[in-house]
Amino acid sequence: MEVSVMGSSHMVVKVVGNGSGLNYRELGICGFRKSEAFTAKRRVFVRRSKGWRSSGARLSLQAKLTDPVRPQKAKASCNDLGSSSPSSRRSRPVDGVRLYVGLPLDTVSECHTVNYARAITAGLRALKLMGVDGVELPVWWGVVEKDSMGEYEWSGYLAVAELVQKMGLKLHVSFCFHGCRETKIPLPDWVCRIGDQDHHHAALFFTDRSGKQCKDCLSLAVDDLPVLNGKTPIQVYKDFCESFKSTFAPFMGSTIMGITMGLGPDGELRYPSNHLATKKRKNAPPGVGEFQCYDQNMLKNLKQHAEAAGNPLWGLGGPHDAPSYDQPPTVNSFFKDQGGSWETPYGVFFLSWYSSQLISHGDRLLSLVSSVFSDTPVAISGRVPIHDNHSWYKTRSHPCELTAGFYNTENRDGYEAVAAMFAKNSCRMILPGMDLLDEHQPPNGSGSSPQSLLAQIKAACRKHGVDISGQNAASASTAVLLPGGFEQIKRNLMEDEESMVDLFTYQRMGASFFSPEHFPLFTEFVRGLISSQPDQLLQQPPHDMLEVEEEEEESLPASSEAEKDLHVRVPVVA
């Protein structure tokens, strides 16, 4: 790929053929005048050949800067704008929305190298020119502390932080204390070895009533138990955070602006209630998931609570009349709207205990990370799920939320206690699913309502003074939204003045993100978001950002729609 800025007239990005069947992909930004400092209309041209699928996107970079374009109103020089001082940050009103884009989940490999390094570099340049504030970087426990407890390898993540800093972007880091099946990133090897030992096997991981385990994360029941070579998971997580803080101290508050603490499966505060759910036929009613309370430490805790309540028989296990993963709530009696066991004294006892364990777990982890970073200027956050929990929301029992650990029913607000816990730890709440619309839910009779669930959690956050950050609900492998998704995000960000959403992270960079099917829509979204905020002025990229010269190639992950011939033209920013 070649990037050239000629005088103040245009920029061209080109991907050339390499003999593997890939012809080229070309982007051109043109049409702005010298005095308008990247605020005039520009167009992006994207062309892709049928060889894309077999070869991926092959990128080679050549960037030159001739006559630099200077902002009309900005007094700082290009070098000043590229610095990390607070005064050099892009100007925003107090209620402005900062926009981040998630980097690929496997940005750093298990060998501690940066995957797709030059492709990511090109992507960061594009984001910077569009006016995006920064990027989110997943930091995996299974990569950093892979082989032995207390032995950390940060080199790959340091390389990414340096690259982001060089580009003049900000960085939000997500600590991932879970595994990822999609990218095949497991828990640390030494943790897996402990889990595979017979005397620990039944205790370390969440377990369902049939004895099947979820090995993507540790059971919350072992938080304070010395199951990891004599240390508790809480101690191990704290050591990890302390090592990160020490290693990345030069970036704190200048490049690294926020940290998200992993709280459970997929980093979210929840039980892995759907980890064995199967993909069902289109429009089939979704299952409600299963309670994950059958590892020996969860059962021990349940037994103690039942005995303290004066009903020891309640401590023998979870509900016997609850459906399995893929079954709707009407199959068994526990979740039925009328006469369901969830409303009986036993149901109230169990659901109160089950949800309280999750909230206590979240409190321990958010308290830990807030304490470690209390003397730094970074914001701490945690993620609460929406996408997997909105099914059956319009029923009385809200079964998907109950199995996930949120005691939220027609007669009980289960998010008040969650918001209060976040407020106690002065943490932001990340809410994914801000692109979801009720009208796009399948007509399967499940009473799904992502908009109602999001509104309820927002109301709880407002009541307790918890700041909200947003995300879309796209999966890790695709950034493609349903029709109306971008408009719904803007409504959630701009039209609800009481929602306190001032940061949105769009998930996630990859081949589908930059595809002609998606990228033009994203650029329109960015343009609309920026133009809707007063006094927004896109800054000139740092001078050295456009002076690098490279002649190397890098592959992007292939897109599932990569065989199409496409040529699109779309505005980038107003």
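Up top is the structure these notes are about.
Residues numbered from 1 in each chain as written. Predicted model: local features only at pLDDT ≥ 70, side-chain atom pairs only at ≥ 80, totals over all residues. Heavy atoms only, no water.

Caption draft 1: Representation of unusual backbone geometry in the model. In this chain, Gln 507 is followed by Arg 508 through a cis amide linkage whose omega measures 5 degrees. Along the polypeptide, Arg 508 turns up in the loop between β15 (501–506) and α15 (519–531). In the Ramachandran plot, Asn 229 falls in the positive-phi region, its phi being about 50 degrees despite a non-glycine side chain. Checked against the element boundaries, Asn 229 lands in the loop between β10 (213–218) and α8 (233–247). Since its relative accessible area comes to 53%, Asn 229 is described here as exposed. Within the chain, His 398 stands out as a residue other than glycine whose phi angle is a positive 50 degrees. With respect to the helices and strands, His 398 occurs in the loop between β12 (379–383) and α11 (399–404). Note on His 398: relative accessible area 6%, which makes it buried. (Helix = DSSP H or I, 4+ residues; strand = E, 2+ residues; numbered from the N terminus. Buried < 20%, exposed > 50% of the residue type's maximum accessible area, 1.4 Å probe, protein only.)

Caption draft 2: Broad picture of helix α14 (residues 485–495). Listed in full, the buried residues belonging to α14 are Gly 485, Phe 486, Gln 488, Ile 489, Asn 492 and Leu 493. The buried residues of α14 occupy an angular sector of 165 degrees when the element is viewed end-on, so they sit on one face. Here the buried face of α14 lies against α13 (450–464), β15 and α15. (Arc of directions from axis to C-beta. Contact = heavy atoms within 4.5 Å.)

Caption draft 3: Focus on helix α9 (residues 296–308). In this model, α9 (13 residues) spans 18 Å end to end at C-alpha, consistent with the 18 Å of a helix rising 1.5 Å per residue. Taken together, the buried positions of α9 are occupied by Asn 297, Met 298, Leu 302 and Ala 306. Looking at the buried side of α9, the elements it contacts are α10 (345–372). (Expected span 1.5 Å × (residues − 1).)

Caption draft 4: Region of interest: the sheet that holds strand β13 (residues 428–431). Taken in spatial order, the eight strands line up as β6-β7-β8-β11-β12-β13-β14-β15 and close into a barrel, and their pairing is parallel. Taking the axes of each pair of neighbouring strands and ignoring which way they run, one obtains an average angle of 30 degrees across the sheet. Summarising the sheet, strand β8 (residues 170–176) and strand β11 (residues 256–260) pair through four bridges and their orientation is parallel. In the sheet register, His 172 faces β11, and the bridge partner there is Gly 258. (Pairing = 2+ DSSP bridges. Axes fitted to C-alpha atoms, helices over the stretch in contact; angles between N-to-C directions.)

Caption draft 5: Quick look at the pattern of salt bridges. All chains considered together, the criterion is met by 21 salt bridges. Residue Glu 290 is joined to Arg 209 by a salt bridge in which the shortest nitrogen-to-oxygen separation is 3.8 Å. Of this pair, Glu 290 sits in the loop between β11 and α9 while Arg 209 sits in the loop between β9 (205–207) and β10, and the two are 81 residues apart along the sequence. With relative accessibility at 7%, the residue Glu 290 sits in the buried group. Residue classification places Arg 209 among the partly exposed positions, given a relative accessible area of 35%. Arg 364 is the salt-bridge partner of Asp 223, the closest N and O atoms lying 2.9 Å from each other. With a gap of 141 residues between them, Asp 223 in the loop between β10 and α8 and Arg 364 in helix α10 connect regions that are remote in the sequence. (Salt bridge = Lys/Arg side-chain N within 4 Å of Asp/Glu carboxyl O.)

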